[in-house]
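# Per-entry structural report
If you want the building blocks of each chain, they are given just below.
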There are 2 protein chains.
Amino acid sequence: MSLDQLRYFVAVAETGSTHAASVRACVSQPPLSRQIRALEAEVGVPLFQRTSRGMLLRPAGVTFLQHARSILGAVDAAVVAARGHAGHVAAGSALEWTEAPPADGRG
Amino acid sequence: MSLDQLRYFVAVAETGSTHAASVRACVSQPPLSRQIRALEAEVGVPLFQRTSRGMLLRPAGVTFLQHARSILGAVDAAVVAARGHAGHVAAGSALEWTEAPPADGRG
DNA sequence: CTTCTTTACGGCCAGCGTAATTATG
DNA sequence: CATAATTACGCTGGCCGTAAAGAAG
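Residues numbered from 1 in each chain as written. Chains lettered and ligands numbered in written order. Predicted model: local features only at pLDDT ≥ 70, side-chain atom pairs only at ≥ 80, totals over all residues. Heavy atoms only, no water.

## Thoughts on the overall build of chain A
Filter applied, for reference: By definition, any uninterrupted DSSP run of H or I lasting at least four residues is a helix, any uninterrupted run of E lasting at least two residues is a strand, and each is numbered from the N terminus. The classification of residues rests on relative accessible area computed with a 1.4 Å probe and restricted to protein chains. Under 20% of the type maximum is buried, over 50% is exposed, and intermediate values are partly exposed. Only the protein chains shown count as cover for residues, and the accessible areas themselves come from Shrake-Rupley with a 1.4 Å probe.
Along its length, chain A carries 4 helices and 2 strands. Taken across its 107 residues, chain A has 38% of its residues classed as buried. Counting every atom, chain A has about 5800 Å² of accessible surface; 53% of that belongs to carbon and sulfur.

## Concerning the nonpolar core
Inclusion rule: Here the nonpolar core consists of buried residues drawn from Ala, Val, Leu, Ile, Met, Phe, Trp, Tyr and Cys, with membership extended through side-chain atoms lying within 4.5 Å. Here, two residues are considered to be in contact whenever any of their heavy atoms come within 4.5 Å of each other.
Counting 58 residues, the largest nonpolar core has Phe9 and Phe64 of chain A together with Phe9 and Phe64 of chain B as its most contacted members. Among the secondary structure elements, those contributing two or more residues to this core are α1 (3-15), α3 (29-43), β2 (54-57) and α4 (59-83) of chain A together with α1 (3-15), α3 (29-43), β2 (54-57) and α4 (59-83) of chain B. If we ignore the near neighbours within four places in the chain, the residues touching phenylalanine 9 of chain A are Ile36, Leu39, Leu47, Phe48, Leu57, Gly61, Phe64, Leu65 and Ala68 of chain A.

## Points about the protein's contact with DNA strand D
Formally: Note on definitions. A residue lies near a molecule or strand when any single heavy atom of the residue is within 4 Å of it. Polar contacts, as used here, are pairs of N or O atoms within 3.5 Å; protein pairs need one atom able to donate a hydrogen and one able to accept it. Residues neighboring in sequence count only if both atoms are side-chain atoms.
In the neighbourhood of DNA strand D, 21 residues make up the surrounding shell, with Thr18, Ser33 and Arg50 of chain A together with Ser28 and Arg34 of chain B lying closest. Near-protein atoms of DNA strand D (within 4 Å) split between backbone and bases, with sugar and phosphate holding 67%. The side chain of threonine 18 of chain A places a nitrogen or oxygen atom 2.9 Å from a phosphate oxygen of DNA strand D. Between DNA strand D and tyrosine 8 of chain B there is a distance of 3.2 Å, counted from a phosphate oxygen to a side-chain nitrogen or oxygen.

## Topic: the confidence of the model for chain A
Operational definition: Scored between 0 and 100, pLDDT is the confidence that the predictor attaches to each residue.
Chain-level statistics for chain A give a pLDDT mean of 83 and a share of 80% at 70 or above. Under a pLDDT of 50 for its full length, residues 90-107 of chain A has, in the predicted model, 15 contacts with residues more than four places off or in other chains.

So this is what it looks like as structure tokens:
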């Protein structure tokens, strides 16, 4: 399970085909198709119905799509929230180490 | 950014050291330390304060921890929710393809 | 010296991309 | 034949684990 698999899944779910999804995700169809397969294997339930017209979302896929979007959004929100603390100190907190770290030249 | 990085981060945040975290996550310290570094680089904010006693969570880390737990929980919930559709059909729905897929012997 | 984190080095698995195959209308 | 997904094959990159180094009490 990986975040990329979730992104690929959303792309396929939203476009209805691995071709459009591969363009959206900037990868070729084979890797994308494999990741979708791997994702389905991991959740243990087929998320799509393969047809000659493309990829049709199944009920489990619809449910998973909502969760996938939520997770992806949460990941972005986590980064934004953490960045919101850049240079901040916890005013009124008893945590002294909230002060900026010493200039120990990391890197 | 990966789910493993999130798991490692939670382990370090909860144990306060890379040693205990590495035991908890079943990996050695170096890979874990590298992933934490990579995570901090990706979010663009130092999440921990390195001390000779271990890893101290910084305010940004506290915030990120809450999000990380939520994300990890959401991932698990997504799988459980999708599995809840196993063998189900959308009763009353117009979606015929909710029936089980044909036995095409994939894999 | 002891404890803890980080950097260096070597080997392995996973994932990507191109080309070929199968299924449908 | 045209379209769409999947499988086969070779290669590169990232990650892990062991060993060594730097920092603090």
